[in-house]
Amino acid sequence: MTVPALPAAAGAPSPMGKGTLSRQLVLRTTALVALVTVGLSLFTALAIFQILQNQLDEQLQAAASRPPWRTGTGTGSGGTGGGPADPSGAGLIRMDLINGTWWLNLPDGVTKDAAADLVSVAGARPSTVTVEGAGLYRVMLTASGDSTRLVGLPYSGVTGPMTNVVVMAALLTSGAILISFVAARRVVEQSLRPLTRLAATATQVSNLPLESGEGHVPIRVAPGDANPASEVGRVGLAFNHMLDNVEHALAARHHSETKVRQFVADASHELRNPLASIRGYAELTRRGSEELPEDAAHALGRIEAESERMSVLVQDLLLLARLDSEPTLDIRPTDLTEIVLNAVSDARAASPEHSWTLDLPEEPVTALADAHGLHQVVANLLANARTHTPAGTRVQTSLRSEDGWAVISVTDNGPGVPSEIQGSVFERFTRADVSRVRKAGGSSTGLGLAIVSAVVHAHGGQVALDSEPGRTTFSFRVPLA
Ligand SMILES: Nc1ncnc2c1ncn2[C@@H]1O[C@H](COP(=O)(O)OP(=O)(O)O)[C@@H](O)[C@H]1O
Ligand SMILES: [Mg+2]
């Protein structure tokens, strides 16, 4: 029999593990904050850039509208600046074309050739150009009457402050993102902690052995986590209601089961006396009358056989009822070798057509067991190997000790337990096609293996079935003494 394995306890994922709600909330919040701060910083930087450039252009306009002064060296195509310090600030380029002569006022680093190139690229509106050897310049060409003037101011008036603005914005943005990440993480972890506790409670409940016992579910979500004011609290509250409901249902089931068991026990008990009477009177009739008519003798035989069968059934039911209520087993160190030997020799006597073999260890195996109960267990398994297999089947019974357990197994090479009942064969009244058993001369109640299971479990042991056509092994283990 394959016992369904418990689902592997899912390890709780780390709070910020992949796929967790916490991680998603934190990442999304941080991403949103990052988007907003980066957007704001960009907008601010752009606005400041615009203001700075406008300021520079205003200075350029002012420089362009100042009256010309011819302090520079006038040449046909240009000259070097030799005038006084320029009032418009350091780095001013100023070139006046007066009567066909360029008057140049050039700052250090700006060559005549570089200045001459500017005339072709500068326009009436301020534009940004690269001046060879002096970097970026904002330049502008104005013409009034017969004079033309080119002015230029270093663009560092814009790029210098902008560099500071960008560095500042980058620092602020990263800081904001970092702070929002840390804060979001804290808040999310704190808000979802009750959910983690709820999951732990659910795991505890799922590990409770609810199939047996009175259906008491002793676990509840703590009142603090079942406060309907919050969403998570509502889940906790609903969870507690669900557990109440489950407990109610289990208790009701346990109650009705107890009633049914009590009824079966009472009924079996009450049936014992009339059954004993029937068998007694049948025996009396057979003894008293020398010559019974053939059909009466047959009927009498049937009465005896059926009442015998019913007695066995009633005995089994009573035994099960007793094992259910308070197992009254006399558990003490018991030599299992003797039990197995006796049971196999009984089976051999009952069915010489089967071949019975024994596999016993050299040393005695002493287990903590009730001798009478274990004898019944082995006898039931051997009776099954006898009644559910055809004549000539080999049945091997073996006893061994293994890791603190005494293990007894009964293996036959018969047709095997039908696969449709393998999962429930240890439950009460589970049996295969009854006609097959009748043919073999046995009686089938479907209680034999239920008794095996109940007695073995009352010993704190386990039962198992491994069956396929041609090889069926029933085995059970009880603790060694
Ligand atoms: N050794 C076996 N080989 C084949 N089938 C078996 C064997 N032992 C038990 N079974 C199947 O398991 C069913 C339940 O067995 P059991 O609980 O002892 O009830 P019963 O023997 O009264 O039918 C049987 O009816 C039979 O179909
Ligand atoms: Mg049986």
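On a predicted model such as this, the values are computed, not experimentally measured, just so you know.

Engineer: So what's going on with the side chain of Asp 57? Which residues, and what values?
Structural biologist: For Asp 57, the position within the fold is in helix 1 (residues 21-65). The residues contacting Asp 57, other than those within four sequence positions of it, are Pro 126 and Arg 138.

Engineer: Before we move on, can you summarise helix 2 (residues 112-121) with the specific residues and values?
Structural biologist: Among the residues of helix 2, those classed as buried are Ala 114, Ala 115 and Leu 118. The arc enclosing the buried residues of helix 2, seen along the axis, measures out at 100°, which places them on a common side. With respect to the buried face of helix 2, the exposed residues turned more than 90 degrees away are Asp 113 and Ser 120. On its buried face, helix 2 is in contact with strand 2 (93-98), strand 4 (127-131), strand 5 (135-144) and strand 6 (147-154).

Engineer: Outline helix 10 (residues 448-458), listing residues and values.
Structural biologist: An α-helical turn contains 3.6 residues, so any two residues separated by three or four positions project in the same direction. Burial runs high along helix 10: nine of the 11 residues are buried. Among the residues of helix 10, Gly 448, Leu 449, Ala 450, Ile 451, Val 452, Ser 453, Ala 454, Val 455 and Val 456 are the ones counted as buried. For helix 10, the secondary structure elements touched by its buried residues are helix 5 (294-325), helix 7 (371-387), strand 12 (462-468) and strand 13 (471-479). In the stretch just after helix 10, Gly 460 is the one whose phi turns positive, near 80°.

Engineer: Quick one: what's the story with a nonpolar patch on the surface, residue by residue and with numbers?
Structural biologist: Taken together, Leu 32, Leu 35, Val 36 and Leu 40 make up a surface patch of nonpolar side chains, about 420 Å² in accessible area. For Leu 40, the location among the structural elements is in helix 1. With relative accessibility at 51%, the residue Leu 40 sits in the exposed group.

Engineer: Go over the site of ligand 1, please, and point to the residues and values.
Structural biologist: The local shell around ligand 1 holds 18 residues, among which Asn 384, His 388, Ser 444, Thr 445 and Leu 449 are the closest. Between ligand 1 and Ser 444 there is a distance of 2.5 Å, counted from an oxygen atom to a side-chain nitrogen or oxygen. One of the backbone N or O atoms of Gly 446 is found 2.9 Å from an oxygen atom in ligand 1. In isolation ligand 1 offers 530 Å² of accessible surface; the protein chains occlude 97% of this area. For the shell around ligand 1, the elements supplying multiple residues, two or more each, are helix 7 and helix 10. Looking at the shell around ligand 1 residue by residue, the classes come out as eight nonpolar, eight polar and two charged.

Engineer: Tell me about the pattern of salt bridges, and name the residues and values.
Structural biologist: Under the definition given, this model contains 18 salt bridges. Salt-bridge contacts for Glu 308 lead to Arg 279; the nearest nitrogen and oxygen are separated by 3.1 Å. Of the two residues, Glu 308 is situated in helix 5 and Arg 279 in helix 4 (residues 231-288); the sequence distance between them amounts to 29 residues. Among the ionic pairs, Glu 306 bridges to Arg 302, the shortest N-O distance being 2.7 Å. You can see Glu 306 and its partner Arg 302 sitting in helix 5, four residues apart, about one turn around the helix. Classification of Arg 302 as partly exposed rests on a relative accessible area of 40%. Ionic contacts of the salt-bridge type, sharing partners, join the residues Arg 94, Asp 96 and Arg 149 into one network.

Criteria and cut-off values
- Residues numbered from 1 in each chain as written.
- Chains lettered and ligands numbered in written order.
- Predicted model: local features only at pLDDT ≥ 70, side-chain atom pairs only at ≥ 80, totals over all residues.
- Heavy atoms only, no water.
- Helix = DSSP H or I, 4+ residues; strand = E, 2+ residues; numbered from the N terminus.
- Contact = heavy atoms within 4.5 Å.
- Buried < 20%, exposed > 50% of the residue type's maximum accessible area, 1.4 Å probe, protein only.
- Arc of directions from axis to C-beta.
- Patch = residues over 30% accessible without salt bridge, like charges linked within 9 Å, V, L, I, M, F, W, Y side chains within 5 Å.
- Areas by Shrake-Rupley, 256 points an atom, 1.4 Å probe, with all protein chains shown as cover.
- Salt bridge = Lys/Arg side-chain N within 4 Å of Asp/Glu carboxyl O.
- Near = heavy atom within 4 Å.
- Polar contact = N/O pair within 3.5 Å; in protein donor to acceptor, adjacent residues only side chain to side chain.
- Nonpolar A, V, L, I, M, F, W, Y, C, P; charged D, E, K, R; others polar.

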